Amino acid sequence: MIKHFLSITDLTAKEIWQVFALAKRQSKPVLKGKSLAMIFEKPSLRTRLSFEIAMTQLGGHGVYLGPSDIGLEKRESVGDVARVTSSMADMIMARVFKHETVEKLAEYATVPVINGLSDLEHPCQALADLFTIWEIKAKIKGLKIAFVGDGENNVAHSLCLGATMLGATFACGSPKGFWMNKQIVAQAKKFGKVIETVDPKEAAADADIVVTDTWISMGDTDKEKRIKIFKKYQVNQKLMKYAKKDAIFMHCLPAHRGEEVTADVIDGPQSVVFQEAENRLHVQKALLVHLLSPDML
Ligand code: CP
Ligand code: NVA
């Protein structure tokens, strides 16, 4: 059966730990001659860089297809793109606007499809985030992860699911109308504890990890309005004081200093954002091997 990675829940908790065990140890060119087609409807630094370099380091090749190359659903249907791409590439990674687009790619593809970010989830980011937490805290179970800001957000959704799958508590502090997707929350509550609040201090209280993301995700409109709505949800020194003394700060990047986070926090001693960014490469190398050759794990 083809393994896709559209949601963090497409891996079991056991498989996530297997991927983590392989990350940073995966140096042999086990994907020699293999190709990953990378479809982008939106811009990217980390996702493109990490997947392309991952394929190079594994002995394979990444083919970049930018927004003007394909024209998903404009120049060609998603189904036809999936079938043609599958006939040549060994895997597909896609960054899309609508989550249904990755689902449709997976429906028609005959090779694994990886979600490189949709409006609903950013599962590769959650893998790297959880791996980083494990590297620093030496455990995940029992920790409190606090996400403060826009809860209706791909990064928050995948991290909420992944964190609860691995036994952490996930707290989300967001203004009314910007809480996490109800289905995601219901799914995560089956795995573990989820706290939702409008109070950023309550979310951050005694947290081991404080996370935020941009207030204006790719595709969002009304920038000025959103900045006003989220103003009280900025991660600054004052808010970090509610978290544990040894709490770390995380952000998937790109960041907007002075909006969702102050420069003294993201560039300060508690921040681990560049270790987090680098880990995209390490965990994705392990993920690619897992999806294509699970026997190598
Ligand atoms: N964090 C992340 O996915 O970064 P890019 O948008 O630059 O790929
Ligand atoms: N939530 C952000 C993540 C960027 C990596 C976005 O979708 O733009």
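Below you will find a few notes about this structure.

Basis of the calculations
- Residues numbered from 1 in each chain as written.
- Chains lettered and ligands numbered in written order.
- Predicted model: local features only at pLDDT ≥ 70, side-chain atom pairs only at ≥ 80, totals over all residues.
- Heavy atoms only, no water.
- Pairing = 2+ DSSP bridges.
- Helix = DSSP H or I, 4+ residues; strand = E, 2+ residues; numbered from the N terminus.
- Axes fitted to C-alpha atoms, helices over the stretch in contact; angles between N-to-C directions.
- Buried < 20%, exposed > 50% of the residue type's maximum accessible area, 1.4 Å probe, protein only.
- Near = heavy atom within 4 Å.
- Polar contact = N/O pair within 3.5 Å; in protein donor to acceptor, adjacent residues only side chain to side chain.
- Areas by Shrake-Rupley, 256 points an atom, 1.4 Å probe, with all protein chains shown as cover.
- 1 Å grid on protein atoms, 1.4 Å probe; cavity = no way out; pocket = protein on both sides within 12 Å on 5 of 7 lines; lining within 4 Å.
- Sits in = over half its atoms within 2 Å of the grid points.
- Nonpolar A, V, L, I, M, F, W, Y, C, P; charged D, E, K, R; others polar.
- Salt bridge = Lys/Arg side-chain N within 4 Å of Asp/Glu carboxyl O.
- Right-handed = clockwise from strand over helix to strand, strands pointing away.

## Some points on the sheet that holds strand β8 (residues 209-212)
And then number 1: The strand order across the open sheet formed by 5 strands is β7-β6-β5-β8-β9, and the pairing between neighbours is parallel. Every interior strand has two partners, whereas the edge strands, β7 (194-197) and β9 (248-251), have only one. On average, each strand axis in the sheet is inclined to that of its neighbour by 20°, with strand direction left out of account.
And then number 2: Relative to β9, β8 runs parallel, the two being bridged by 4 bridges. Pairing of Val210 across the sheet is with Phe249, part of β9.

## What to know about unusual backbone geometry
And then number 1: Looking along the chain, the bond that leaves Leu253 and enters Pro254 is cis, with omega of 5°.
And then number 2: Note on placement: Pro254 falls in the loop between β9 and α12 (263-266).
And then number 3: You will see that Asp206, though not glycine, has its phi angle at about 60°, which is positive.
And then number 4: Judged by its relative accessible area of 52%, Asp206 falls in the exposed class.

## Digging into the site of ligand 1
And then number 1: Around ligand 1 sit Ser44, Leu45, Arg46, Thr47, Arg95, His122, Gln125, Cys252, Leu253 and Arg280, and those are all the residues in its vicinity.
And then number 2: Side-chain polar atom of Ser44 to an oxygen atom of ligand 1: 2.7 Å apart, as the coordinates give it.
And then number 3: One of the side-chain nitrogen or oxygen atoms of His122 is found 2.8 Å away from an oxygen atom of ligand 1.
And then number 4: Relative to its unbound accessible surface of 260 Å², ligand 1 loses 96% to contact with the protein.
And then number 5: Given that more than half its atoms are within 2 Å of the pocket grid, ligand 1 belongs to the largest pocket.
And then number 6: Each residue belonging to the shell around ligand 1 can be placed in one class, and the counts come to 3 nonpolar, 4 polar and 3 charged.

## Let's talk about the environment of Ala21
And then number 1: With respect to the helices, strands and loops of the structure, Ala21 is situated in helix α1 (residues 13-22).
And then number 2: In this structure the C-alpha to C-alpha distance between Ala21 and Ile133, which are 112 residues apart in sequence, comes to 14 Å.

## Some words on the pattern of salt bridges
And then number 1: For the structure shown, the criterion picks out 11 salt bridges.
And then number 2: Measuring nitrogen to oxygen at the nearest pair gives 3.0 Å for the salt bridge that ties Arg48 to Glu52. Of this pair, Arg48 and Glu52 both sit in helix α2 (residues 46-57), 4 residues apart, which is roughly one turn of the helix.
And then number 3: Glu52 gets classed as partly exposed once you look at its relative accessible area, which sits at 25%.
And then number 4: It is possible to trace a salt-bridge network through shared partners that takes in Asp150, Asp220 and Arg226.

## Overview of the pairing of strand β6 (residues 169-173)
And then number 1: Taking burial as the measure, the 5 residues of β6 include 5 buried ones, the bulk of the element.
And then number 2: Handedness of the strand β5 (residues 144-148)-helix α7 (residues 154-165)-β6 crossover: right-handed.
And then number 3: In terms of strand pairing, β6 meets β7 through 4 bridges, oriented parallel. Within the sheet, the bridge partner assigned to Cys172 lies in β7 and is Glu196.
And then number 4: In this fold, β6 hands off to helix α8 (residues 182-191), which returns the chain to β7; that crossover is right-handed.

All we've got here are geometric facts, nothing functional implied.
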